[in-house]
Amino acid sequence: MTALAIPGLDHAPTTHPGLLAWVQEVAELTTPDAVVWCDGTQDEWNRLTTKLVDAGTFVPLEKRPNSFWCASDPDDVARVEERTFICSKDASDAGPTNNWMDPGEMTALMTDLYRGSMRGRTMYVIPFCMGPLDAEKPMFGVEITDSEYVVVSMHIMTRAGRDVLDRMGSDADFVPCLHSVGKPLEAGEADVSWPCSETKYITHFPETKTIWSFGSGYGGNALLGKKCYSLRIASVLAREEGWLAEHMLILKLTSPTDEVHYIAAAFPSACGKTNLAMLEPTIPGWRVETLGDDIAWMRFGDDGRLYAVNPENGFFGVAPGTNWKTNPNAMRTLEGGNSIYTNVARTPDGDVWWEGMEGTPEILTSWKGEQISPSDSSAGPAAHPNSRYCTPMNQCPVLAQEWDDPQGVPISAILFGGRRATTIPLVAEARDWQHGVFLGATLSSEKTAAAAGTVGQVRRDPMAMLPFIGYNAGDYLRHWGEVGKQADAAKLPSIFYVNWFRRGDDGRFLWPGFGENSRVLKWIVERLEGRASAVETAIGRVPTVEELDLTGLDVRYEDVADALAIDVDEWRAELPLIEEWFDTIGAALPSTMQDELAALRQRLG
Ligand code: PEP
Ligand code: MN
Ligand code: NA
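Residues numbered from 1 in each chain as written. Chains lettered and ligands numbered in written order. Predicted model: local features only at pLDDT ≥ 70, side-chain atom pairs only at ≥ 80, totals over all residues.

Counted only if it meets this: UniProt positions are given in the numbering used here, feature names are shortened, and annotations may be inferred rather than shown by experiment.
In the annotation of an unreviewed UniProt entry, the entry for the protein chain reads Phosphoenolpyruvate carboxykinase [GTP], and the organism field reads Actinoalloteichus hymeniacidonis. Under the Subunit (unreviewed entry) heading, UniProt states for the protein chain: "Monomer." Recorded in UniProt for the protein chain, the comment headed Function (unreviewed entry) runs: "Catalyzes the conversion of oxaloacetate (OAA) to phosphoenolpyruvate (PEP), the rate-limiting step in the metabolic pathway that produces glucose from lactate and other precursors derived from the citric acid cycle."

So, in structure tokens, the structure goes:
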């Protein structure tokens, strides 16, 4: 067969036969005007950001060096969970919490969608690595995309480019990630600033470790190294190989006497993971440094401890609510420039603004491109609630020096947290690993704007992984149980449950949160070191108000007591909800989880 004459297709800077064949096949299917092999250089960044500015997609920000504003199509603003599929051969392997379609059927359907879908556009081939490139076994991926926005975002979020291709050599395994915005251009047709399609599919093939995404240009739908690879596909790999791929931040906590603990924490999207990861402690002498804000890959080290690596290279953070009080270190990271802002508002002097940021300007260009005054309440939010910044990790002023160590860091504690107005106390410690898995399995949170759908509704979100488990949720919980059996119990991380969001009867938050959460971290570390006491309750071990260091904190004693309270009636009302959730998981739920539920019911009396 003669190769199709697409400029750039034969300029491949690799001899990897599998990669060459796949790129050829995709080019023949999608018929782009040109193919570009990405090298990850500054020159490539400059070329593509200029192209995006010329196309009207990017607006350079005068106030922020090498930074750009852009707005998505108003119908392409968040992950689309109802369009996200796990296409395992067997439907039961996708389980009750994922959308499933037969892989053959999905392949046929999406092949039709991809046919000619890159017409009039350039097809980019992005070699990338999740986690350090100098790892013993680097985790390679290659994303093919027709979006320049995706290429420059992948420059920030992953290790991408020529070094990766070189390290891949001619035989490395990689995860093929195919992405098209699904908007081919006819000859002479003018492009829009945010091309996308009404038809969207975010598809994972766990048996072949392949990702196909169509129709969306937004974040987790399109930057395929992130949620699709590092959570959904990686969770499948982790199950096969005995490790954990989790939706967790990683932080380093140093005490005034220089004891170091690494903590991993899972919260659903838009519940403050980034704020906790970069927290500025309000208690003297304590220090937090950041290793990651969204994803942790955890494997056992030779010493039997669980070590975490952050596979990412940047932060894709929720902008609204980020300010000099809630997250000064994120603000400083952004001051370094080199960032992309999507769906935030723009000031007349070339800066960005979003709800919650200090210094509300008189007049703004909203994320929808309208001139608005934020004081005019009829105008709607200036920034979309799920608007994002995309910024390089290495600009974070509190980045831990070991953040890119391929060995990772040994985890002392795992936190599970959600956003709950009632019931869940500020902090509780699990009695053991299995109880901790139960706390994670029953994690619940009020829905946020991070995914399309109704905000505020309480949903179960096991380990904050509901949208990201690449297989059956019951099997996933079983895997967590198995991981706990792989190691000496004394070396396993302790598991805690936290809730910064509990409210009083009048609706106000009972706990101030943000930097004050360092007081909770301190209690956790003192528990690890056997220096703090706790009260045994029906749901786990909880501190008394006196056990928390509240020095210098202007807070009502009763509020903290209420934040820590275990209300037996609230918990009795929680039981049928947990039962219903376990029924949803169905037959694959490990019996240990039913045992834990029965024990909880008995303790509640
Ligand atoms: C995303 O939505 O693209 C994303 C990165 O994830 P999250 O919703 O967890 O912030
Ligand atoms: Mn996330
Ligand atoms: Na999202």
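Still to come is the rest of the account.
### Some remarks on the domain arrangement of the protein chain
The condition that has to hold: What counts as a domain boundary in this text is fixed by an automatic or database domain assignment. Secondary structure elements follow DSSP: runs of H or I no shorter than four residues count as helices, runs of E no shorter than two count as strands, and numbering proceeds from the N terminus. Classification convention: Asp, Glu, Lys, Arg as charged; Ala, Val, Leu, Ile, Met, Phe, Trp, Tyr, Cys, Pro as nonpolar; all other residues, Gly among them, as polar.
Taken domain by domain, the protein chain comprises domain 1 (17–241), domain 2 (244–313 + 400–604) and domain 3 (315–395). One C-alpha centre belongs to domain 1, the other to domain 3; they are set 26 Å apart. If you list the elements that add at least two residues to the side of domain 1 that touches domain 3, you get strand S3 (68–70) and helix H5 (148–157). In terms of residues, the side of domain 1 that touches domain 3 owes the most to one element, H5, which gives 4 residues. Of the residues assigned to the side of domain 1 that touches domain 3, the class counts are 13 nonpolar, 5 polar and 4 charged.

### Concerning the sheet that holds strand S17 (residues 314–318)
Note the threshold: Think of it this way: DSSP has to see at least two bridges between two strands before they count as a pair.
One open sheet holds the 5 strands; their spatial order is S2-S3-S18-S23-S17, and the pairing between them is mixed. Across the chains shown, the open sheet's two edge strands, defined by having one partner strand only, are strand S2 (59–60) and S17. Relative to strand S23 (residues 388–392), S17 is paired through 5 bridges, and the arrangement is antiparallel. Across the sheet, glycine 314 pairs through a bridge with proline 392, a residue of S23.

### Observations concerning the nonpolar core
Heads up, the condition is: For this analysis, nonpolar core means a set of buried Ala, Val, Leu, Ile, Met, Phe, Trp, Tyr and Cys residues linked through C-beta atoms within 7 Å. Buried residues are those with 20 or more other C-beta atoms within 10 Å of their own C-beta, exposed residues have 12 or fewer, and partly exposed residues lie in between; C-beta atoms are placed from the backbone. Working definition of a contact: two residues with C-beta atoms, positioned from the backbone, lying within 7 Å.
In terms of nonpolar packing, the biggest core is built from 179 residues, with Ile250, Ala264, Met298, Ala308, Val344 and Phe496 touching the most fellow members. Leaving out residues up to four positions away in the same chain, valine 344 has contacts with Trp69, Ala319, Val352, Trp353, Trp354, Trp367, Ala383 and Ser387.

### Brief notes about the UniProt feature "binding site: GTP" (unreviewed entry) in the protein chain
With numbering aligned to this structure, UniProt lists the feature "binding site: GTP" (unreviewed entry) at Ala270, Cys271, Gly272, Lys273, Thr274, Asn275, Arg388, Arg419, Phe514, Gly515, Glu516 and Asn517. Sequence-wise these annotated residues cover 248 residues; spatially they are dispersed, their C-alpha atoms as much as 24.7 Å apart. For cysteine 271, the contacting residues outside a window of four places in its chain are Gly417, Gly418, Arg419, Ser445 and Thr448. Residue position: asparagine 517 is located in the loop between strand S28 (494–498) and helix H13 (518–528). Residue asparagine 517 is classed as buried on the basis of its C-beta count, with 23 C-beta atoms lying within 10 Å. Ignoring sequence-local partners within four residues, the contact set of asparagine 517 consists of Leu276, Leu279 and Trp500.

### Here's the deal with the confidence of the model for the protein chain
Low-pLDDT stretches of the model should not have their predicted coordinates read in fine detail. The condition that has to hold: Each residue gets a pLDDT score, which is the predictor's confidence in that residue and runs from 0 to 100.
Mean pLDDT over the protein chain stands at 96; residues scoring 70 or higher make up 98%. Taken together, the chains of this predicted complex give a pTM of 0.97 and an interface ipTM of 0.90.

### What about the pairing of strand S13 (residues 260–266)?
Burial runs high along S13: 6 of the 7 residues are buried. Of the pairings in the sheet, the one linking strand S12 (residues 248–254) to S13 comprises 7 bridges and is antiparallel in character. Residue pairing in the sheet places isoleucine 250 in a bridge with alanine 264 of S13. Counting the residues in the hairpin turn of S12 and S13 gives 5 residues, including aspartate 258, whose phi is positive at 70 degrees. Relative to strand S24 (residues 409–417), S13 runs parallel, the two being bridged by 5 bridges. From the neighbouring strand, isoleucine 263 faces S24, where its bridge partner is alanine 413.

### Section: unusual backbone geometry
Its identity as a non-glycine residue notwithstanding, threonine 31 has a phi of 45 degrees, on the positive side. Accessibility expressed as a C-beta count within 10 Å gives 19 for threonine 31, which makes it partly exposed. Here phenylalanine 514, not a glycine, exhibits a phi torsion of approximately 50 degrees, which is positive.

### Brief notes about the packing of helix H11 (residues 433–441) against helix H16 (residues 591–604)
What counts, and what does not: Think of each axis as a best-fit line through the C-alpha atoms, taken over the contacting stretch in the case of a helix, with angles from 0 to 180 degrees between the N-to-C directions. Orientation is classified from the angle alone, with under 35 degrees giving roughly parallel, over 145 giving roughly antiparallel, 65 to 115 giving roughly perpendicular, and any other angle giving oblique.
Contact pair H11 / H16: the axes reach a minimum separation of 10 Å and the direction vectors enclose 90 degrees. Taken together, H11 and H16 sit at an angle that is classed as roughly perpendicular. Residues Gln434, His435, Phe438 and Ala441 of H11 form the contact with H16, whose participating residues are Thr592, Met593 and Glu596.

### With respect to the pairing of S23
Counted residue by residue, S23 has 4 buried out of 5 residues, so it is predominantly covered. As paired strands, strand S18 (residues 340–342) and S23 are joined by 3 bridges and run antiparallel to one another. Directly across from isoleucine 340, in S23, lies its bridge partner cysteine 390.

### With respect to helix H10 (residues 328–335)
Quick reminder of the rule: The directions considered for the arc run from the helix axis to the C-beta atoms.
Among all positions of H10, only Asn329, Ala330, Thr333 and Leu334 are buried. Taken around the axis of H10, the buried residues stretch over an arc of 145 degrees, which confines them to a single face. Looking at the buried side of H10, the elements it contacts are helix H9 (273–277), S17 and S23. In the stretch just after H10, glycine 337 is the one whose phi turns positive, near 80 degrees.

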